[in-house]
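Structural features, examined
Here's the letter readout for the chains.
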Amino acid sequence: MTTAHTSIEPLVVDIAIVGGAMAGATLALGLAKLSATLSATLSSATLARPLRIALIEAHVANNNHPGFDARSIAIAHGSIFELTRLGIWPKLQHLGTAIENIHVSDRGHFGMTELNAKPLGLDALGQVVELARVGNVLFDELQKSSVSVFCPAKVTDLQAQTDGHLLTLDNGTQLHCQLLVAADGANSVVRQHLQQPTEQIDFDQTAVVANVITDQPHQHWAYERFTQTGPLALLPMTSVPSTPSTQSRFSLVWALPPAKADELKNADKAEFLAALQQAFGHRVGRFIDVGQRVSYPLTLSYMPRPIYHRCIFVGNAAQTLHPIAGQGFNLGLRDVVGLLKVLEHAFSSNTATEIDLGSSAIVHQYLAARQADRDSTLNNIEFLVRGFSNQYWPLVAGRNIGLRLLSWLPPLKRPVAQTAMGWR
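Quick summary incoming for the structure in this document. (Residues numbered from 1 in each chain as written. Predicted model: local features only at pLDDT ≥ 70, side-chain atom pairs only at ≥ 80, totals over all residues. Heavy atoms only, no water.)

A short note on the sheet that holds strand E3 (residues 72-76)
Put simply, the rule is: The criterion for strand pairing is that DSSP finds at least two bridges linking the strands in question. The helix count covers DSSP runs of H or I at least four residues long, the strand count covers runs of E at least two residues long, and both are numbered beginning at the N terminus. Think of each axis as a best-fit line through the C-alpha atoms, taken over the contacting stretch in the case of a helix, with angles from 0 to 180 degrees between the N-to-C directions. The contact criterion used throughout is that any non-hydrogen atoms of two residues lie within 4.5 Å.
Here we have three strands laid out as an open sheet, ordered E3-E7-E4, and antiparallel in their pairing. Strand pairing shows two members of the sheet lacking a second neighbour, E3 and strand E4 (97-99), which therefore form its edges. Across the sheet, the mean angle separating the axes of adjacent strands is 30° when strand polarity is ignored. One ladder, built from five bridges, connects E3 with strand E7 (residues 126-130); its direction is antiparallel. Each bridged residue has a counterpart across the sheet, and for Ile-75 the counterpart in E7 is Gln-127. Along the sheet, helix H4 (residues 131-144) contacts E3 and E7; its crossing angle with E7, the most-contacted strand, is approximately 85°.

This is the structure we're talking about:
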């Protein structure tokens, strides 16, 4: 799926995106739509030609793609709204499983509450999608778009220049861009080339991720159960054709101490299911099967300033979150939407025939637009992890009282639900 370029001279583009997983692919499609909209609405004096967009992705979209693997993610209601506005959700909605209710509990204590879609006048609080299936759809859409896609291709050299960045790919192709967008994940190659620092908080937890089957229908409930080792989340999934209607699939994310996570990841199926049943209880019935188990360390990593000379970092390249509230992709999508809005404003408010998309003004407008939401989300995630993975009795009492108050005083649920749904 690589776009060929054999000229000795670099291919000149306006924007180059490195990384084509959820954030990068969504941004590329959003930019293609923005270019088409601007071409239809602005005069030729403002937008003399369509935007030239390049996407560089190291892996072909399949089950082995690190960004489109066997995991599932929850896409919040606010993110569904933005994806619909970008024309992307209609292509993905057949893959979604609605979350109509969320049950939150603190194992071994009295605190529990529910968040429900109907009292908010909604059909769902969010949708669960499987990343591998989403990746195939997004790459199909990219092939139909105006985006020049280089895949599989890796950036082997990156030179910051006065008027942009010069990228060299492993196939020898060179590209020059005004604006470089790093969407290449937690181990961002762009960030390493530009030697940009990150801050990291290690929670001393490892997530075990797997698909599990229960002997009862999920009825579109999601669960967040706080245990002594960390949170345990279950997201409802669409059943595969071979699954009986009396059973259901869930996507499991279970935070554990690293040694325990390694033990359970490699335990036999019966031992794993027994441990899961003990930790979660019987609210979803009996756990009867588990698929492939994978694990990864849980940290909160972030760039204090996710910008550089003519470069913007989005999604996991800018910050990686603990999955306690399922906000990773939702925050990354808000990065994408924020950048699209800054670029749209730059065109609609400028009468010049050429706009420098990598200018310091545009890069810093993006930073200002994203700072408050980003800081708030990072702080909230750290607070939740430390507050709910702690057995210090004043914290235990406080969080359980807080959960009970949400149950006793329904009006308090609305702002919590709005935050969970990504409303800003």
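Now that the structure is up, let's keep going.
Points about the nonpolar core
Test applied: In these notes, a set of buried Ala, Val, Leu, Ile, Met, Phe, Trp, Tyr and Cys residues joined through side-chain atoms within 4.5 Å is what counts as a nonpolar core. For every residue, the accessible area obtained with a 1.4 Å probe (protein chains only) is divided by the maximum for its type, and the residue is called buried under 20%, exposed over 50%, and partly exposed between those limits.
Ranked by size, the top nonpolar core spans 57 residues in total, and within it Ile-17, Leu-31, Leu-142 and Leu-357 carry the most contacts. One finds Val-13, Ile-56, Leu-169 and Leu-180 within the second-largest nonpolar core, a separate group that totals 22 residues.

As for helix H2 (residues 77-85)
Within H2 the residues assigned to the buried category are Gly-78, Ser-79, Ile-80, Glu-82 and Leu-83. Along its buried surface, H2 packs onto helix H1 (22-41), E3, helix H3 (89-92), E7 and helix H8 (328-348).

Topic: empty space enclosed by the protein
Just so we agree on the cut-off: Here a cavity denotes grid points, spaced 1 Å and computed from the protein atoms alone, that fit a 1.4 Å probe unable to get out, and a pocket denotes an open set having protein on both sides within 12 Å along at least 5 of 7 lines; residues with an atom within 4 Å of a point are the lining. Grid points are joined across faces, edges and corners, and a volume is the space filled by probe spheres set on the points. For this scheme, ten residues count as nonpolar: Ala, Val, Leu, Ile, Met, Phe, Trp, Tyr, Cys and Pro. Four count as charged, namely Asp, Glu, Lys and Arg, and the remainder, Gly too, count as polar.
All told, the structure shown has two cavities of 30 Å³ or more when counted by the stated rule. Each pocket or cavity is described by its volume, and for the second largest cavity that value is around 40 Å³. For the lining of the second largest cavity, the secondary structure elements donating two or more residues are strand E17 (294-302) and strand E20 (319-320). Split by residue class, the lining of the second largest cavity holds five nonpolar, five polar and one charged.

Points about the pattern of salt bridges
The cut-off we apply is this: A pairing counts as a salt bridge when a side-chain nitrogen of Lys or Arg comes within 4 Å of a carboxyl oxygen of Asp or Glu.
Across all of its chains, the model carries 12 salt bridges by this definition. Glu-141 is paired through a salt bridge with Lys-144; the nearest N and O atoms lie 3.3 Å apart. Taken together, the residues Glu-141 and Lys-144, both in helix H4 and three residues apart, mark about one turn of the helix. Among the residues examined, Glu-141 registers a relative accessible area of 18% and is labelled buried. By relative accessible area, Lys-144 is classed as exposed at 64%. Each of the salt bridges in this network shares a partner with another, and the network as a whole consists of Arg-334, Asp-335, Arg-370 and Asp-373.

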